[in-house]
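# Fold and geometry: a report
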Amino acid sequence: MSVRRHATVFAIAGLLCGATAPAALAAPSPSASPSGPALPAGLYGTGDPTYDGVWRQSLAFIAQKTERVTPAAKAVDWLVGQQCGTGAFPAYRDASRPCDAKTVTDTNATAAAVQALVELGGHRAVVDKGVGWLKTVQNDDGGWGYDPGSPSDANSTAVVVGALAGAGVPVAEVTTGGKTPYTALQSFALPCGGEDGGAFAYQPDKDGALTANADATAAAVIGSMGKGMAAGPSRTVKTTTCTDGSGLSPEQSAQNGAHYLATALAGSGHLDLPPMPGAEDSAPQPDFGNTADAVVALASSGHTAEATKAVAHLEKNALDWAREGGPAATAQLVLAAHATGTDPRDFGGTDLVKQLNATGPAPAADAATASPSADPQAGAGDDDGAGPGVWWIIGVGLAVGAGIGFLISGRKSRQL
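Fair warning: this is a prediction, and the values are worked out from it, not measured in the lab.

## Describing unusual backbone geometry
- A positive phi is found at Arg68, a non-glycine position, where the angle reads about 60 degrees.
- Along the chain, the position of Arg68 falls in the loop between helix H2 (53–66) and strand E1 (69–70).

## Description of the pattern of salt bridges
- For the structure shown, the criterion picks out 7 salt bridges.
- Across the pair Arg56 and Asp52 runs a salt bridge, and its minimum N-O distance is 3.2 Å.
- A residue is classified by how much of its surface remains accessible, and Asp52, at 0% relative accessible area, is buried.
- Taking the shortest distance from any N to any O, the salt bridge between Arg97 and Asp94 comes out at 3.8 Å.
- The partly exposed category is assigned to Asp94, whose relative accessible area is 37%.
- In the salt-bridge network here, residues are joined through shared partners; they are Glu67, Arg345 and Asp366.

## A closer look at the confidence of the model for the chain
- This prediction gives the chain a mean pLDDT of 84; 80% of its residues lie at or above 70.
- Every residue in residues 1–35 is under pLDDT 50, and counting partners more than four places away or in other chains gives 232 contacts.
- For residues 374–416, every residue scores under 50 in pLDDT, and the model assigns this stretch 371 contacts once sequence neighbours within four places are set aside.

## Structural notes on the state of the cysteines
- Inspection of every chain in the model, using the stated rule, returns 2 disulfides.
- With its sulfur 2.0 Å from that of its partner, Cys84 forms a disulfide with Cys99. Here the disulfide of Cys84 and Cys99 is left-handed, its torsion about the S-S bond being about -80 degrees. Pair noted here: Cys84 is in the loop between helix H3 (73–81) and strand E2 (89–90) and Cys99 is in the loop between E2 and strand E3 (105–106), with a separation of 15 residues, a long-range link.
- Since its relative accessible area comes to 5%, Cys84 is described here as buried.
- For the chain, the bonded cysteines connect in the pattern 1-2, 3-4 when numbered consecutively along the sequence.

## Some words on the nonpolar core
- Leu79, Leu314 and Leu333 are the most contacted members of the largest nonpolar core, which has 97 residues in total.
- Setting aside residues up to four positions removed in sequence, Leu314 forms contacts with Phe288, Thr291, Ala292, Val295, Leu319, Leu333, Ala336 and Phe347.

## Details of the packing of aromatic side chains
- With the rule as written, the count across this model stands at 3 aromatic pairs.
- Centre to centre, the rings of Tyr44 and Phe61 are 5.7 Å apart; their planes meet at 85 degrees, and the pair counts as edge-to-face. Residue Tyr44 is found in the loop between helix H1 (8–17) and H2, and its partner Phe61 is found in helix H2; the two are separated by 17 residues along the sequence.
- Here Tyr44 falls in the buried class, since its relative accessible area comes to 0%.
- Plain terms: the ring middles of Trp78 and Tyr92 are 6.1 Å apart, the flat faces sit at 25 degrees to each other, and that makes the pair stacked. On the criterion of sequence distance, the pair formed by Trp78 in helix H3 and Tyr92 in the loop between E2 and E3 is long-range, its members being 14 residues apart.
- Since its relative accessible area comes to 11%, Trp78 is described here as buried.
- Classification of Tyr92 by relative accessible area gives partly exposed; the value is 26%.

## Description of the side chain of Ser300
- By the secondary structure assignment, Ser300 is in helix H10 (residues 288–300).
- Here Ala297 takes part through its backbone oxygen, which lies 3.2 Å from a polar atom of the side chain of Ser300.
- Each residue touching Ser300, except ones within four places of it in the same chain, is listed here: Ile222, Met225, Lys227, Ala231, Gly232, Pro233 and Ser234.

## Brief notes about helix H4 (residues 107–120)
- End to end, H4 covers 20 Å across 14 residues, agreeing with the expected 20 Å (1.5 Å per residue, within 8%).
- Between the side-chain oxygen of the N-cap and the backbone nitrogen of Asn108 there are 2.9 Å, and the N-cap of H4 in question is Asp106.
- Immediately beyond the C-terminal end of H4, within one or two residues, lies Gly121, with a positive phi of roughly 80 degrees.

## Some thoughts on the packing of H2 against H4
- The N-to-C vectors of H2 and H4 enclose an angle of 25 degrees; their axes lie 8 Å apart at closest approach. Here H2 lies roughly parallel to H4, going by the angle between them. In this structure, H2 crosses over H4, and the sense of that crossing is left-handed. Taken together, the residues of H4 that come into contact with H2 (itself represented by Val54, Trp55, Ser58, Phe61, Ile62 and Lys65) are Asn108, Ala109, Ala112, Ala113, Gln115, Ala116, Glu119 and Leu120.
- Looking at the contact of H2 with H4 residue by residue, the class counts come to 9 nonpolar, 3 polar and 2 charged.

## A short note on the packing of H2 against helix H13 (residues 327–340)
- Closest axis-to-axis distance for the H2/H13 pair is 8 Å, and the angle between their directions is 30 degrees. By the angle between their axes, H2 is roughly parallel relative to H13. Crossing geometry of H2 relative to H13 is assigned as left-handed. Contacts between H2 and H13 involve Arg56, Leu59, Ala60, Ile62, Ala63 and Thr66 from the former and Pro327, Ala328, Ala331, Gln332, Val334, Leu335 and His338 from the latter.
- Of the residues in the contact of H2 with H13, the class split is 9 nonpolar, 3 polar and 1 charged.

## Structural notes on the environment of Thr240
- Among the secondary structure elements, Thr240 is positioned in the loop between helix H8 (214–224) and helix H9 (250–266).
- Sequence-wise, Thr240 and Leu298 are 58 residues apart; in three dimensions their C-alpha atoms are separated by 9.6 Å.
- If sequence neighbours within four positions are ignored, Thr240 has contacts with His259, Ala262, His303 and Glu306.

## Some thoughts on the environment of Thr175
- If you trace the backbone, Thr175 turns up in the loop between helix H6 (154–166) and helix H7 (181–186).
- Taking relative accessible area as the criterion, Thr175 reaches 39% and is therefore assigned partly exposed.
- In the structure, Thr175 is positioned 40 residues away from Lys135 in sequence and 8.7 Å away in space, judged by C-alpha atoms.
- In this structure, Thr175 is in contact with Gln138 and Thr180, ignoring residues within four places of it in sequence.

Calculation rules
Residues numbered from 1 in each chain as written. Predicted model: local features only at pLDDT ≥ 70, side-chain atom pairs only at ≥ 80, totals over all residues. Heavy atoms only, no water. Helix = DSSP H or I, 4+ residues; strand = E, 2+ residues; numbered from the N terminus. Salt bridge = Lys/Arg side-chain N within 4 Å of Asp/Glu carboxyl O. Buried < 20%, exposed > 50% of the residue type's maximum accessible area, 1.4 Å probe, protein only. pLDDT = per-residue confidence, 0-100. Contact = heavy atoms within 4.5 Å. Disulfide = S-S within 2.5 Å. Core = buried A, V, L, I, M, F, W, Y, C linked by side-chain atoms within 4.5 Å. Phe/Tyr/Trp six-rings, centres within 6.5 Å; stacked < 30°, edge-to-face > 60°. Polar contact = N/O pair within 3.5 Å; in protein donor to acceptor, adjacent residues only side chain to side chain. Expected span 1.5 Å × (residues − 1). Axes fitted to C-alpha atoms, helices over the stretch in contact; angles between N-to-C directions. Parallel < 35°, antiparallel > 145°, perpendicular 65-115°, else oblique. Left-handed = near helix turned anticlockwise from the far one by under 90°. Nonpolar A, V, L, I, M, F, W, Y, C, P; charged D, E, K, R; others polar.

Given below as structure tokens:
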């Protein structure tokens with residue numbers, strides 16, 4: 001999901017006002033403080049990981065596995081080591097200290113990590129603990145908010161769906177009071193009609209009104225199909241249409257969301273960032289992260305042809321953004337390429353996989369070179385693998401993530 005992509009200040013703003021979710025964020029992270037502690041050796045990216053360490057690591061792994069890249073053992077160990085005893089993951093923590101009551105964990109980081117570890121395989125116990133915790137914090141409407149107990153939102157619910165599905169859990173059977181995750185996602189859907197017909201909102205406003213949100217729509221489309229951040233292209237070609245009425249299936253709601261996204265991308269080939277409050281220049285600027293998420297949503301729901309123009313736009317215009325954005329942003333482009341059958345190793349003349357690999361420890365193996373590195377234990381688990389993930393997610397499948405977002409778990413903001 002994409003999320004995934006905005007700077008720390010925007011991420012914090014998203015958390016406070018519910019603008020977008022992590023599955024939809026991935027913009028340049030602020031540089032690590034020269035006076036601060038050194039970053040963990042296994043961590044991807046050089047920016048401050050406080051708000052997105054687990055998210056960007058997870059998206060990187062998900063994207064790498066779609067291209068048959070096996071990350072280094074120390075990188076995988078770092079992610080596994082972020083999990084608390086409850087099964088939840090924080091955005092980032094100093095693993096030299098045990099989790100306690102002050103450790104802030106969230107659904108997006110947990111769901112993205114679960115999706116990533118499912119893709120890697122060999123971490124069934126960690127995956128099951130993460131899934132177990134997510135089930136305990138499900139809201140009465142069947143969905144999830146970013147923070148445990150906070151109101152449900154489309155991005156967070158979608159990235160959790162990707163985690164559940166990837167782990168082999170029947171999503172429709174995860175219920176509270178008869179409400180499923182799909183029930184929650186459909187509660188954010190706008191009816192057909194008008195320019196926003198078929199879109200999803202991030203969450204209702206204080207009066208219960210729904211406002212179309214492109215990133216939430218991308219995440220919800222993927223989630224409504226029971227997929228994650230690593231979602232690949234659909235085997236079935238669909239015609240974009242919006243079906244009105246009550247009693248729609250999750251698949252129909254997903255297709256309505258795809259219709260909205262296809263319409264939004266039809267003109268320029270990209271989605272736009274909303275103007276920053278108080279900014280003198282209110283001219284719309286391309287939103288590369290959310291555009292990448294929309295590409296994954298469209299391709300995975302049977303509309304690869306409609307995503308083609310957006311992919312071409314990303315190839316031509318988003319390379320600097322991804323390079324500056326770091327692992328999460330680069331991973332989003334890899335996932336968009338994967339979902340549409342575009343070669344991420346020659347994306348507008350750039351090898352995105354090589355670029356992503358360079359943001360972390362040297363991979364243990366890369367199918368492009370067919371030669372393992374000096375890290376033969378990379379990805380080794382403690383038991384049987386969880387099996388390939390469905391997502392995104394986003395390929396999500398986020399994921400992630402997501403992401404994200406994903407969604408992304410969009411979604412509020414997640415840096416890189």
